[in-house]
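Here's the letter readout for the chains.
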Amino acid sequence: MEPHPNSADVKKRMHSMVSKLREHDFRITPQRLAVLRVLAASEGHPSVERIYETVRQKFPTTSIATIYKTVNLLKQINELLEISFPGGSNRYDGYKPFPHPHVLCVRCKKIIDPDLGSLKDITAEAADQTGFDILSHRLDFFGICGDCKKEQPTTASTK
Ligand SMILES: [Zn+2]
Ligand SMILES: [Zn+2]
């Protein structure tokens, strides 16, 4: 279901982020480049904590402030989509920095991008019904992922 970004696409996203950041006089250090790599791959839509853990494996001296600084700037220049959920860490998608639907596992908090062919129709329908020019959207689905279902079959609780 999730079209896994191939490495060429991830590289393309990284290059785009790097050139946009340079336009804003942001110095690209090896640590910051490592942060961009994690964000561009967007595997599972990482949180700041997850990015920090990943980058520290290669650059043990990286501070969490470096992660926040990079994330905040990318957000400001629309190169990063922030996905916020009540009661949880914000998650990030640097591979698709524009609004798109998400499917979230309520058990393991995995987030993936479904490819919804009917999204255009839904958007057109919303515009028709309201007379609005639709600029953006938020569309999240919550459920139990395949891995979690195998571990413990779905029971009545969906909270
Ligand atoms: Zn799960
Ligand atoms: Zn996404």
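The rules behind the values
Residues numbered from 1 in each chain as written. Chains lettered and ligands numbered in written order. Predicted model: local features only at pLDDT ≥ 70, side-chain atom pairs only at ≥ 80, totals over all residues. Heavy atoms only, no water. Donors = N, O, S within 2.8 Å, 3.2 Å for Na, K, Ca; no water. Tetrahedral: all angles 85-135°; square planar, octahedral: opposite > 155°, others 65-115°. Helix = DSSP H or I, 4+ residues; strand = E, 2+ residues; numbered from the N terminus. Buried < 20%, exposed > 50% of the residue type's maximum accessible area, 1.4 Å probe, protein only. Salt bridge = Lys/Arg side-chain N within 4 Å of Asp/Glu carboxyl O. Pairing = 2+ DSSP bridges. Contact = heavy atoms within 4.5 Å.

1. A word on the coordination of the zinc ion (ligand 1)
- For the zinc ion (ligand 1), the full set of protein donor atoms is Cys105 (SG), Cys108 (SG), Cys145 (SG) and Cys148 (SG), and the range of their distances to it is 2.3 Å.
- For the zinc ion (ligand 1), the four donor atoms in the first shell make angles of 105 to 115° at the metal, so the coordination geometry reads as tetrahedral.
- Donor residues binding the zinc ion (ligand 1) come from one chain and are separated in sequence as C-x2-C-x36-C-x2-C. A residue pair is termed long-range when its members are at least 10 positions apart, and Cys108 in the loop between β3 (102-105) and β4 (111-112) and Cys145 in the loop between β5 (140-143) and α6 (146-151) qualify at 37 residues.
- Judged by relative accessible area, which is 13%, Cys145 ranks as buried.

2. Section: the pattern of salt bridges
- Applying the stated criterion to the full structure yields eight salt bridges.
- As a salt-bridge pair, Lys20 and Glu79 come within 2.9 Å of each other at their nearest N and O atoms. One end of the pair, Lys20, is in helix α1 (residues 7-23); the other, Glu79, is in the loop between α4 (64-76) and β1 (81-83), with 59 residues separating them in the sequence.
- On the basis of relative accessibility, which here comes to 5%, the residue Glu79 falls in the buried class.
- The closest approach of N and O atoms between Lys110 and Asp147, which form a salt bridge, is 3.0 Å. Remark: Asp147 occurs in helix α6 and Lys110 occurs in the loop between β3 and β4; sequence separation between them is 37 residues.
- Judged by relative accessible area, which is 28%, Lys110 ranks as partly exposed.

3. Brief notes about the coordination of the zinc ion (ligand 2)
- The protein atoms that coordinate the zinc ion (ligand 2) are His45 (NE2), Asp93 (OD), His100 (NE2), His102 (NE2) and Asp113 (OD), at distances spanning 2.1 to 2.2 Å.
- One chain supplies every donor for the zinc ion (ligand 2), spaced along it as H-x47-D-x6-H-x1-H-x10-D. Here the residue His45 occupies a position in the loop between α2 (30-41) and α3 (48-58), and Asp93 occupies one in strand β2 (residues 91-93), the gap between them amounting to 48 residues. Across this residue pair, the class does not change: His45 and Asp93 are buried.

4. A look at the pairing of β3
- The pairing of β3 with β5 spans four bridges and is parallel. Counterpart to His102 in the pairing with β5 is Asp140.
- Linking β3 back to β4 in an antiparallel pair, the connection comprises five residues, with Lys109 at a positive phi of about 70°.

5. Some points on unusual backbone geometry
- Look at His45: it is not a glycine, yet its phi comes out positive at around 60°.
- In the Ramachandran plot, Lys109 falls in the positive-phi region, its phi being about 70° despite a non-glycine side chain.

6. Focus on the sheet that holds β3
- Ordered in space as β4-β3-β5, the three strands form an open sheet in which the pairing is mixed. Taken across any chain shown, the strands that pair with only one partner, and hence form the sheet edges, are β4 and β5.
- Where β3 meets β4, two bridges bridge the pair, whose relative direction is antiparallel. When the bridges of β4 are listed, Leu104 appears paired with Ile111.

7. Remarks on the environment of Arg37
- Residue position: Arg37 is located in helix α2.
- Measuring from C-alpha to C-alpha, the distance between Arg37 and Tyr95 comes to 9.9 Å, with 58 residues separating the pair along the chain.
- Filtering out sequence-adjacent residues up to four positions away, Arg37 remains in contact with Val10, Met14 and Lys58.

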